[in-house]
Amino acid sequence: MGIELFLTKDYLNSYTDEVLVLKKRILKPHSKVRGIFMRRKYNRLLFKCQSFLPLSEAISDKITFPHGLSGIFISGGAKIGDNCTIFQQVTIGSNTLNDSKTKGYPVIGKNCYIGAGAKIIGNVKVGDNVRIGANAVVVKDVPDNATVVGGRPRIIEHDHKLDNGFVKFKGGNK
């Protein structure tokens, strides 16, 4: 009879905070031995969250993960701007197929909101203040101030700046 571990939101968020702090520390200069141990700990924490967050300065430190790092995969060459909100099960992945028109890595602008289960694949540029709906698949460039919805991408352009800030509620659903 094994012991089961139930992952609560607070438990996953504590891992998220630890991963993000450790990422900052790893990117600063330090001894080789210390760096090896920090990278091992970093990789173990990501494994517990079933996620991959590359050690890259091209990914901003100012990203919000409302549900922790649960199932999030970000490709090593991706670039993500400040103040983005990324929900669970999101993939920001590269396309390495030689015959593909979108071979490369995604570049995501500032103040973007990426809904649960969204997939952003290949050499696409997502502009600033963009909303990507849950389970949307993005394989084409998205202009600033737009919303992407659906499995087959449909881009809705807006004539005003979108406020994609994440509002954190204390307590229950109020």
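The structure this text deals with has already been given above.
Presented here is an overview of the structure given in this document. For clarity, every value in this text was computed on a predicted model and none was experimentally measured.

Some remarks on the packing of aromatic side chains
Working step 1: This model, assessed by the stated rule, comprises two aromatic pairs.
Working step 2: Seen from their ring centres, Phe-87 and Tyr-113 are 5.3 Å apart, and the 55° between their planes marks the pair as tilted. Linking Phe-87 in the loop between strand S4 (84-86) and strand S5 (91-93) with Tyr-113 in strand S7 (residues 113-114), this pair joins segments that are 26 residues apart in sequence.
Working step 3: Judged by relative accessible area, Tyr-113 falls into the partly exposed class, the value being 30%.

Some details on unusual backbone geometry
Working step 1: In this structure, Asn-111 takes a positive phi of about 55° despite not being glycine.
Working step 2: Within the secondary structure, Asn-111 sits in the loop between strand S6 (107-108) and S7.
Working step 3: Since its relative accessible area comes to 23%, Asn-111 is described here as partly exposed.
Working step 4: The phi dihedral of Asn-135 falls on the positive side, at around 65°, and the residue is not glycine.
Working step 5: Locating Asn-135 in the fold gives a position in the loop between strand S10 (131-132) and strand S11 (137-138).

Some points on the sheet that holds strand S3 (residues 79-80)
Working step 1: Taken together, three strands build an open sheet; the order of strands is S3-S6-S9 and the sheet is parallel. On the outer flanks of this sheet lie S3 and strand S9 (125-126), each paired with one strand and no other.
Working step 2: Pairing analysis gives two bridges linking S6 to S9, with the strands arranged parallel. Of the residues in S9, the one forming a bridge with Ile-108 is Val-126.

Some points on the nonpolar core
Working step 1: Among the nonpolar cores identified, the biggest contains 36 residues, and Ile-80, Ile-86, Ile-92, Ile-108, Ile-114, Ile-120 and Ile-132 are the most heavily contacted of them.
Working step 2: Those elements that place two or more of their residues in this core are helix H1 (9-27), helix H2 (32-48), S4 and strand S12 (146-149).
Working step 3: Non-local contacts of Ile-86, meaning those with residues more than four positions away in its chain, are made with Ile-63, Thr-64, Phe-65, Pro-66, Ile-72, Ile-80, Ile-92 and Ile-114.

Details of the sheet that holds strand S2 (residues 73-74)
Working step 1: Here four strands make up an open sheet; going across it, the order is S2-S5-S8-S11 and the pairing parallel. The sheet terminates laterally at S2 and S11, the two strands that pair on one side only.
Working step 2: Judged from the three bridges that link them, S5 and strand S8 (residues 119-121) form a sheet pairing that is parallel. Each residue of the ladder has a partner; that of Gly-93, found in S8, is Ile-121.

Cut-offs applied
- Residues numbered from 1 in each chain as written.
- Predicted model: local features only at pLDDT ≥ 70, side-chain atom pairs only at ≥ 80, totals over all residues.
- Heavy atoms only, no water.
- Phe/Tyr/Trp six-rings, centres within 6.5 Å; stacked < 30°, edge-to-face > 60°.
- Helix = DSSP H or I, 4+ residues; strand = E, 2+ residues; numbered from the N terminus.
- Buried < 20%, exposed > 50% of the residue type's maximum accessible area, 1.4 Å probe, protein only.
- Pairing = 2+ DSSP bridges.
- Core = buried A, V, L, I, M, F, W, Y, C linked by side-chain atoms within 4.5 Å.
- Contact = heavy atoms within 4.5 Å.

Scope: geometric values only; no functional claims are made or implied.
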